[in-house]
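Tertiary structure, described
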Amino acid sequence: MALFGFSFPLVFLLLSCFTTLLLCNANAFPGHYHNPIQRHRHPRFASHNYRDALTKSILFFEGQRSGKLPSNQRISWRRDSGLSDGSALHVDLVGGYYDAGDNVKFGFPMAFTTTMLSWSVIEFGGLMKGELQNAKIAIRWATDYLLKATAHPGTIYVQVGDANKDHACWERPEDMDTPRSVFKIDQNTPGSEVAAETAAALAAASLVFRRSDRTYSKLLARRAISVFEFADKHRGAYSTGLRKYVCPFYCDFSGYQDELLWAAAWLQKATKNPTYLNYIQANGQILGAGEFDNTFGWDNKHVGARILLSKAFLIQKVRSLHDYKGHADSFICSIIPGASYSSAQYTPGGLLFKMNDSNMQYVTSTSFLLLSYAKYLTTARQVVNCGGTAITPKRLRAIAKRQVDYLLGDNPLKMSYMVGYGPRYPQRIHHRGSSLPSIAAHPAKIQCSSGFSVMRSQSPNPNILVGAVIGGPDQHDRFPDQRSDYEQSEPATYINAPLVGTLAYLAHSFGQM
């Protein structure tokens, strides 16, 4: 888009610079301008209400709940659903989260969501104040379900719902009449990636509840230990034995080795048992500790494991984990624009871009890792060396903030990619419950196929899924806001989970908490 002969980004830059000039020279206009930001201890300008975004990012999880909803449910257009889940195999699998815009409960991304929500609280929960309890409730909604899914030794229930049949319908979760098939892994049908991620989730959550509920924390830790033992003993990919049910939805592309290392790192942190440190030392390289990649999400945990283990080296001074500082630095260098070895791609508007399908998950997860690593480096008084250039914690925080600001509206379209935040946000997200009339507005059942007329329409979603972060724009900063475009318009729990910690840090940094 051109404006008065200038490109839009240039005009925006000039306006931004002019605005900054006014702010920086506010005292030059006594009586005419008052800068409210000066009240805050943080010297920089907060372009967004990070506290509001934090509240909404946690609230989103209530819209994704499956099972019997509590009396204090805040997203009121949702109702009970999936109350017979598990009955197909005579087990109780009621509860947990729908991962995205459909009505299937996928255990693999649900476990990763839980791990990242827990890590958000572990690193930045002390800054959340009134939202800390809501974040813990969101975690416990998941861990209560994961405890059910792992209640029978040697078996983990990893999915409820036939995804192919579910996707053939466009119906509210409250109306589900598609098969609630239950899929499990065991020694005959192993699934080390989903089992290890579940162990990581339980171990991380045990740290969250260590002070507030020691009994629950110990239960989570004990279960994490047994689930990890199962994952490691019976090695194999769940997307092999359960391929026709889990692929292409959450097919494991990176292998299960990253999850084993990731889970061992969390168990080492949660239990302090030297067994796990020995496991990491003996198996780290075999499990891919030194592989060079810069992707962190529901499938690939290598980078997350490196950052987490580097904390043990930097903060706890575990000298045997020295190499993980180097591995973590390599990741950092790969995403710093202009740095040596940088391989990351950014859109013209400045958004980190990994892939077309749900790209925003990589934005939120990477931003969280940048802030967490900056925290560790600051404590240890260290920097990242990228080909002779020192990358400071301040630089990492600035990059993370830029990504979050883009997500919240500082982008060429001036659109927030968080539903319900800011004056302009997506109106037609790919989400069944949000797009169809609520039970209160339309008590009669909406049949399987009749909902597709709504899915294909241009009408805005009647129910606002507050806090939902969607897949986001393409590599050219374009976003069509089409409900049928699941790659760009679908929300997911694992997009929001790491964002919770990042927003808590930013809200605190700018005096909003």
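The structure presented is a predicted model; accordingly, all values stated were derived computationally and were not measured. (Residues numbered from 1 in each chain as written. Predicted model: local features only at pLDDT ≥ 70, side-chain atom pairs only at ≥ 80, totals over all residues. Heavy atoms only, no water.)

Below, the discussion takes up the pairing of strand β4 (residues 156-160). Among the five residues of β4, five are classified as buried, and the element is accordingly described as predominantly covered. Summarising the sheet, strand β3 (residues 105-106) and β4 pair through two bridges and their orientation is antiparallel. Within the sheet, the bridge partner assigned to Phe106 lies in β4 and is Gln159. Here β4 pairs with strand β5 (residues 182-185) via four bridges, running antiparallel. Paired with Ile156 across the two strands is Ile185, which belongs to β5. (Buried < 20%, exposed > 50% of the residue type's maximum accessible area, 1.4 Å probe, protein only. Helix = DSSP H or I, 4+ residues; strand = E, 2+ residues; numbered from the N terminus. Pairing = 2+ DSSP bridges.)

Moving on, we come to the environment of Gly387. Secondary-structure assignment places Gly387 in the loop between β8 (384-386) and β9 (389-391). Residue Gly387 is classed as partly exposed on the basis of its relative accessible area, which comes to 49%. Counting along the chain gives 76 residues from Gly387 to Asn463, while the straight-line C-alpha distance between them is 50 Å. Ignoring sequence-local partners within four residues, the contact set of Gly387 consists of Ser340 and Tyr341. (Contact = heavy atoms within 4.5 Å.)

Next up on the list: a positive patch on the surface. A surface patch of like charges, here positive, comprises Arg210, Arg214, Lys218, Arg222 and Lys272. Inspection of the secondary structure assignment puts Arg214 in helix α7 (residues 214-233). (Patch = residues over 30% accessible without salt bridge, like charges linked within 9 Å, V, L, I, M, F, W, Y side chains within 5 Å. Areas by Shrake-Rupley, 256 points an atom, 1.4 Å probe, with all protein chains shown as cover. Salt bridge = Lys/Arg side-chain N within 4 Å of Asp/Glu carboxyl O. Lys, Arg positive; Asp, Glu negative; His and termini not counted. Charge placed at Lys NZ, Arg CZ, Asp CG, Glu CD.)

A separate point is the sheet that holds β5. As summarised here, the arrangement of the three strands in space is β3-β4-β5, forming an open sheet in which the pairing is antiparallel. Of all strands in the sheet, those with a lone pairing partner are β3 and β5, marking the two edges.

A side chain with one charge can pair with a side chain of the opposite charge if their charged atoms come near. With the rule as written, the count across this model stands at 21 salt bridges. As a salt-bridge pair, Asp52 and Lys56 come within 3.0 Å of each other at their nearest N and O atoms. Remark: Lys56 and Asp52 occur in helix α2 (residues 50-63); sequence separation between them is four residues, near one turn of the helix. Exposure remark for Lys56: the relative accessible area of 17% places this residue in the buried category. Between Asp177 and Lys445 there is a salt bridge, with its nearest N and O atoms 3.3 Å apart. In this pair, Asp177 is assigned in the loop between α5 (163-167) and β5 and Lys445 in the loop between α16 (432-435) and α17 (452-455), connecting sequence segments 268 residues apart. On the basis of relative accessible area, Asp177 is assigned to the partly exposed category, the value being 42%. A relative accessible area of 37% places Lys445 in the partly exposed class. One salt-bridge network, in which partners are shared between bridges, spans Glu62, Arg65 and Arg74.

Let us look at the nonpolar core. Membership of the largest hydrophobic core comes to 157 residues, with the highest contact counts inside it found for Trp119 and Tyr373. Sort the elements by how many residues they give to this core and helix α6 (residues 192-208) lands first, with 12 residues. Sequence-distant contacts of Trp119, that is, excluding residues within four places in its chain, are made with Trp262, Trp266, Phe296, Gly304, Ile307, Leu308, Phe368, Leu369 and Tyr376. Trp170, Leu436, Ile446 and Met455 belong to the second largest nonpolar core, which has five residues in total. (Core = buried A, V, L, I, M, F, W, Y, C linked by side-chain atoms within 4.5 Å.)

The feature "domain: Glycoside hydrolase family" (unreviewed entry), as annotated in UniProt, sits at residues 50-503 in this numbering. Along residues 50-503, the helical share is 47% and the strand share 5%, with 6 Å between the first and last C-alpha atoms. (UniProt positions renumbered as here; feature names shortened; annotations may be inferred.)

Attention shifts here to the state of the cysteines. One way to say it: the disulfide is the covalent bond shared by the sulfur atoms of two cysteines. Applying the stated criterion to the full structure yields three disulfides. In this model Cys169 forms its disulfide with Cys448; the gap between the sulfur atoms is 1.9 Å. Handedness here is read from the sign of the S-S torsion; for Cys169 and Cys448, about -95°, the answer is left-handed. Of this pair, Cys169 sits in the loop between α5 and β5 while Cys448 sits in the loop between α16 and α17, placing them 279 residues apart in sequence. Counting only the cysteines that take part in disulfides, in the order they occur along the protein, gives the pairing 1-6, 2-3, 4-5. (Disulfide = S-S within 2.5 Å.)

What follows concerns helix α3 (residues 107-124). For α3, spanning 18 residues, the distance from its first C-alpha to its last is 25 Å, which sits close to the expected 26 Å at 1.5 Å a residue. Among the 18 residues of α3, 17 are classified as buried, and the element is accordingly described as predominantly covered. (Expected span 1.5 Å × (residues − 1).)

Right, let's talk about helix α19 (residues 493-509) for a bit. With 17 residues, α19 extends 25 Å from end C-alpha to end C-alpha; this agrees with the ideal 24 Å at 1.5 Å per step. Along α19, the largest kink reaches about 30° and is centred on Val500. Among the 17 residues that make up α19, 16 are buried, leaving the element largely enclosed by the rest of the structure. Backbone geometry just downstream of α19 places Gly511 in the positive-phi region, at approximately 70°. (Bend = angle between axes of the 7 residues up to and from the residue.)

Glancing now at the environment of Gly107. With respect to the helices and strands, Gly107 occurs in helix α3. Using a relative accessible area of 8% as the deciding quantity, one classes Gly107 as buried. Once the C-alpha coordinates of Gly107 and Phe183 are considered, the two residues, 76 residues apart in sequence, prove to be 9.8 Å apart. Once residues within four sequence positions are removed from consideration, Gly107 is found in contact with Val158 and Val194.

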